[in-house]
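# Commentary on secondary and tertiary structure
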Amino acid sequence: MDRSQFGGPLAAGIEQEIRDLHAKEAAGLLRHAASVAGNSETAQDAVQEAFLRFFIARTAGQEIRNPRAWLFRVLRNHVLDQKKAGSRNEIGLESVMNSPGLGYDPEAAYGRVEALRRTLRTALTPREVECVQLRSTGLRYDEIADVLRLRSGTVGALLTRAHKKIRAAAGSVDRRSSEVSLKIATGKRYAS
Amino acid sequence: MHPRTATLVAFSDAELDSGRSQRIARHLQDCQECQAALDRISKEKQDLSAFTSGSQRALDARQGLAAVLATIARWHEAPAPELTSRARAQIEIYFGCGAASFMEGPDIRADELLAKTLALMAAFLGQEAAEAVAGEILRGLDCAALTAEVSP
Amino acid sequence: MTRTEDWGGLESAPRWIIMVTGAYLVLGLFALYVWYSAAQRLSMQTPSAGAEGLSVTGMAAAQAWLCLLVFRSFQRGAPLRRVWLLIMLSAIAHVAGGLIAQASETAWLLNPLVPLGSTEQLHRTGLILSGPVQMALLAAGLLAALRVLRRFGFGVRPKAIGWAVAGILILFALTRFGETAGKQFTADSAISLIRTLLLCVLSVEALFLWLSAVRMGRGLIAKCWRAFAIGIFVIGFGEAALWALGRYFPGWLVATLDWYVWFPAAAVFALAPAHCVAAVRRATGRVTRPSSDLPVRAFPRTVPAN
C-alpha cells in the first residue's frame, strides 16, 4: 500500500472533508444522539466517534457514497454498542419513551405535548420512534433506510403508521381535554 | 381517486418522483378533503417532532470538532499499537494466520495495517462487513487511546 | 447475552451441509451393501446417476441460494460481485439442467415438458445446462476470483508437484477426449468433449485456488476458496477413478458409484458459499456471540448520571 496516502495532500483533503461535514451535519447528529442516549455527554462522545471512524474509513481508502447516512448509522451503532458493553450511559431509545425530554418542564406537564408524549409512549414501537427521529433531522427515506438497514418502502410504511398513531393519540388527548374542560365548567356552575 | 395516507405522507416529505408529485399537486388544487388531510399530516409532523425531541437544550458541537482534529493530528504521528493486534486478529479469523503474517510486513504501521485489513474485508466480505469489522477493531478505543500506548 | 445454538442460523450452514452429506452417503452405502449382500434379489432404485441426479440437483439448489446471499452482500462495482454472480448462474444452470433432464426421463402422460420438444432433445438440453454451461460459468467465475486473489497478494506460482497433480487430471481428460474423438461424432459426444476440455481448465484453476487458500490459512474465506478446489478435484479424480474401474467392473456398478462422485462434489460446491455466508454474518454481528467475546474495556469515559 502506498505510504504517501497517510500524509500529504490526501490527508489534508480528508480533513477538509471532515470540517465541511461537521459544519453541515454535527448539529443534527448531536440532537439525534442526545435523544437516543438521553445524555448530552454521551452524545458528544458518540458524534466525535462517528467523525473519527469516518476519518479512519476514508484514510483506509473506503468510498462512502452517502456520508450523512453513514455517519448516522455509525453513530447509532456506537450508542447501541455502548449499551451492550454495559456502560452507565446505557439508556437508549427507551429513554425517549419512558422519561421526559432532556429539558423537562414540570409546568408543561399538563400541556398537550406532554399528554401526547404519555399516550404515544406505549403506542409507537422503537423502530417507528427511530424513523421519526431520523426524519426530523432531515434525512431522506433512502438515508433512513441505510441507517436502519431497512428498505425505503418500509421506512415510508413506518412513518405512515406513526402518523396514524399520533392522529389517534391526538384525538383521544383532545377528547379527554374537552371532557375535563366540560367537567370543570359544570363543577363551577354547580359551585356557584 | 384520492391518494392514500402513505402517499400523502411521502408527498409532504418530498419523497415522490416528480411525475407523481405533480399529479398529486394538481389533485390537491381541486380536492379540499385531501388538502385538509395534508394539513393534518403537517400538524402531525410537528407533534411527532415535539414528541421525539422533547425540549432539548441546544447542544454545542464545535468543541467536538476540535477534539476530532486534535486526534487526527496525533494519529498521523503515532496510531495506537493495539490497533495492530486487533487488525491482525480479524484477518486471522476471516482469512487465516498465513494471510495475517503476509499482510503484516516488518515495519508496517498500525494505520497502514488497518487500511489493508479494511480493504481486504471490503473486497472479500462486502462493504457492510468491512464497516462492521472496523467497528469491532475500534470498539472501546476512545480518542486518547487511538493515538496513545495502551496501558495494561 | 447468551450464545445461540451452534446449529442455528445461516452461520451453521457449513455444519448442516457436512452432516447431511455424510448421513446421505452412509445411508446410500449401507443400502448398496444390503442390496449387494442380498445377491441383488431385492429390486433397488439406485440414486439418480450423474450430475443431473435429483439429490445432486437439490444440493446445487442449496448452492445457488447460498451464492445469492453472498452476491447480495457486495455492492455494485465490488470486484467479487461479478465472481459470485457467475458462480450463482453456474449453480442455477446446474439446477435447471438437472430438473429438465430428470423431468424428460419421466414417462408420464402429463409431463409438462412434452410440448416443448421430444424427450430426447429435452434430456440433451438438460445435460448441456448441467454440464458444459454450468462448467463454463464456473470456470469464468473462478478465473475472475483468481484475478482478485492475485491482486491482494494471494496468487501463488505452483511448484512441480502441483503441476503433476493437475497434469494427472489433464491427462485423463485428454485420454477421454481421444476416446470420444475416435468414435462417431454425435451430439452427446460433442457434449462430452466440451465437458472434458472444461474439466482441464477447471483443474488448472483448482490448483491455483488451492495454493491461494493454503497461503491464506484456515480462516472462513480460505475455506470457501479451498472448497471450490476440492469440489473440482473430487469430480476430476472421481471420474478418472470410475473410468478406470469401468474397464474391470460391470457397467451397473460404475453407474451406481457415479453418484458418489457427483453428490459429494455438489455438497462441497455448496459448502463454499456457506463458509462465505458464515463469514459475512459473523462480521456484521448477526451471530450472537457470548459476552466473553466482547472487549474487556468498555467505553472508558465516565459521565455523570442524569
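Residues numbered from 1 in each chain as written. Chains lettered and ligands numbered in written order. Predicted model: local features only at pLDDT ≥ 70, side-chain atom pairs only at ≥ 80, totals over all residues.

## Structural notes on the overall build of chain A
To keep things clear, this is the line we draw: The helix and strand labels rest on DSSP assignments: H or I over at least four residues marks a helix, E over at least two residues marks a strand, and numbering proceeds from the N terminus. A residue pair is marked as a contact if its C-beta atoms, positioned from the backbone, fall within 7 Å.
Within chain A one finds eight helices and zero strands. Listed by position from the N terminus, the elements making up chain A come as α-α-α-α-α-α-α-α. A sequence separation of at least 24 residues applies to 70% of the contacts in chain A between residues at least 6 apart.

## What about the overall build of chain B?
For clarity, the cut-off: Here a residue counts as buried when 20 or more other C-beta atoms sit within 10 Å of its C-beta, as exposed when there are 12 or fewer, and as partly exposed otherwise, the C-beta atoms being derived from the backbone.
When helices and strands are tallied, chain B shows nine helices and zero strands. Starting at the N terminus and ending at the C terminus, chain B contains elements arranged as α-α-α-α-α-α-α-α-α. Counting all 152 residues of chain B, 41% fall into the buried class. Counting only contacts in chain B whose residues sit at least 6 apart along the sequence, the fraction spanning at least 24 positions is 68%.

## Overview of the nonpolar core
Cut-off, in case you're wondering: Put simply, a nonpolar core is buried Ala, Val, Leu, Ile, Met, Phe, Trp, Tyr and Cys residues tied into one set by C-beta atoms within 7 Å.
A:Ala33, B:Met121 and C:Ile221 are the most contacted members of the largest nonpolar core, which totals 165 residues. With 19 residues, the top contributor of residues to this core is helix α8 (residues 251–283) of chain C. In contact with C:Ile221, other than residues within four places in its own chain, are B:Tyr94, B:Phe95, B:Phe124, C:Met216, C:Cys276 and C:Ala279.

## What to know about helix α6 (residues 126–136) of chain A
All names here are of chain A. Across the eleven residues of α6, nine count as buried, placing the element largely inside the fold. If you check which residues of α6 are buried, you get Glu-128, Val-129, Glu-130, Cys-131, Val-132, Gln-133, Leu-134, Arg-135 and Ser-136. Directly beyond the C-terminal end of α6, a positive phi value near 100° is found at Gly-138.

## What about the packing of helix α3 (residues 79–104) of chain C against helix α4 (residues 119–151) of chain C?
Residues and elements named next belong to chain C. Put simply, the rule reads: To define axes, lines are fitted to C-alpha atoms, for helices over the stretch in contact only, and angles between the resulting N-to-C directions are given on a 0 to 180 degree scale. Small angles under 35 degrees read as roughly parallel and large ones over 145 as roughly antiparallel, with 65 to 115 read as roughly perpendicular and the rest as oblique. Here a crossing is called left-handed whenever its near helix is offset anticlockwise from the far helix by less than a right angle, and right-handed whenever the offset is clockwise. The classification used treats Ala, Val, Leu, Ile, Met, Phe, Trp, Tyr, Cys and Pro as nonpolar, Asp, Glu, Lys and Arg as charged, and all other residues, Gly among them, as polar.
Orientation of α3 relative to α4, taken along the N-to-C sense of each, is 165°, at an axis distance of 7 Å. Taken together, the axis directions place α3 and α4 in an arrangement best described as roughly antiparallel. Relative to α4, the crossing made by α3 is left-handed. Residues belonging to the contact of α3 with α4 are distributed by class as follows: 21 nonpolar, twelve polar and one charged.

## Description of the domain arrangement of chain B
Put simply, the rule is: An automatic or database domain assignment provides the domain bounds reported here.
Taken as a whole, chain B is organised into domain 1 (5–53) and domain 2 (62–146). The centre of domain 1 of chain B, based on its C-alpha atoms, is set 45 Å off from the matching centre of domain 2 of chain B.

## Description of the environment of B:Met103
All names here are of chain B. With respect to the helices and strands, Met-103 occurs in helix α6 (residues 97–103). Spatially, the C-alpha atoms of Met-103 and Ala-14 are 48 Å apart, while their sequence positions differ by 89 residues. When near neighbours in sequence (up to four residues on either side) are disregarded, Met-103 contacts Ile-91, Leu-113 and Lys-116.

## Section: the domain arrangement of chain A
All names here are of chain A. Its domain assignment divides chain A into domain 1 (1–92) and domain 2 (100–192). With eleven residues of domain 1 in contact, the opposing surface of domain 2 contributes nine residues. Those elements that place two or more of their residues in the side of domain 1 that touches domain 2 are α1 (9–37) and α3 (67–84). For the side of domain 1 that touches domain 2, the per-class residue count stands at three nonpolar, four polar and four charged.

## So, helix α5 (residues 82–94) of chain B
Residue and element names in this part refer to chain B. Put simply, the rule is: By definition here, a helix of n residues has an expected span of 1.5 Å times n minus one. Here the arc refers to the directions that run from the helix axis out to each C-beta atom.
Between its first and last C-alpha, α5 extends 19 Å over 13 residues, near the 18 Å set by a 1.5 Å rise per residue. Restricting attention to buried positions, one finds in α5 the residues Leu-83, Arg-86, Ala-87, Gln-90, Ile-91 and Tyr-94. Around the axis of α5, the buried residues are gathered within 140° of arc, so they sit on the same side. A positive backbone phi angle near 140° is found at Gly-96, which sits one or two residues after α5.

## Remarks on unusual backbone geometry
Residues and elements named next belong to chain A. Positive phi, normally seen in glycine, also occurs at Arg-149, with a value near 60°. Inspection of the secondary structure assignment puts Arg-149 in the loop between α7 (141–148) and α8 (152–191). On the neighbour-count criterion, Arg-149 (10 C-beta atoms within 10 Å) is exposed.

## Observations concerning the packing of helix α2 (residues 40–59) of chain A against helix α4 (residues 62–77) of chain B
Look at α2(A) against α4(B): their axes get within 9 Å of each other, and the N-to-C directions meet at 40°. Comparing the axis directions of α2(A) and α4(B) gives the class oblique. Relative to α4(B), α2(A) is oriented so that their crossing is right-handed. Taken together, the residues of α4(B) that come into contact with α2(A) (itself represented by A:Gln44, A:Val47, A:Gln48, A:Phe51, A:Leu52 and A:Phe55) are B:Gly64, B:Ala67, B:Val68, B:Thr71 and B:Ile72. Counted by class, the contact of α2(A) with α4(B) contains seven nonpolar, four polar and no charged residues.

## Topic: the confidence of the model for chain A
Residues and elements named next belong to chain A. Short version of the rule: As a per-residue measure, pLDDT reflects the predictor's confidence and takes values from 0 up to 100.
Overall, the predicted model of chain A reaches an average pLDDT of 76, with 77% of residues at or above 70. The element-level mean pLDDT for chain A is lowest in helix α4 (residues 94–98), coming to 45, with α7 highest at 91. Overall, residues 1–6 carries pLDDT values under 50, and its contacts beyond four positions in sequence, including any with other chains, amount to nine contacts. Here residues 88–104 scores under 50 on pLDDT; set against residues more than four positions off or in separate chains, the count is 42 contacts.

## A look at the environment of C:Glu105
Looking at the secondary structure, you find C:Glu105 in the loop between α3 and α4. Between the C-alpha atom of C:Glu105 and that of C:Thr119, which follows or precedes it by 14 residues, the distance is 6.9 Å.

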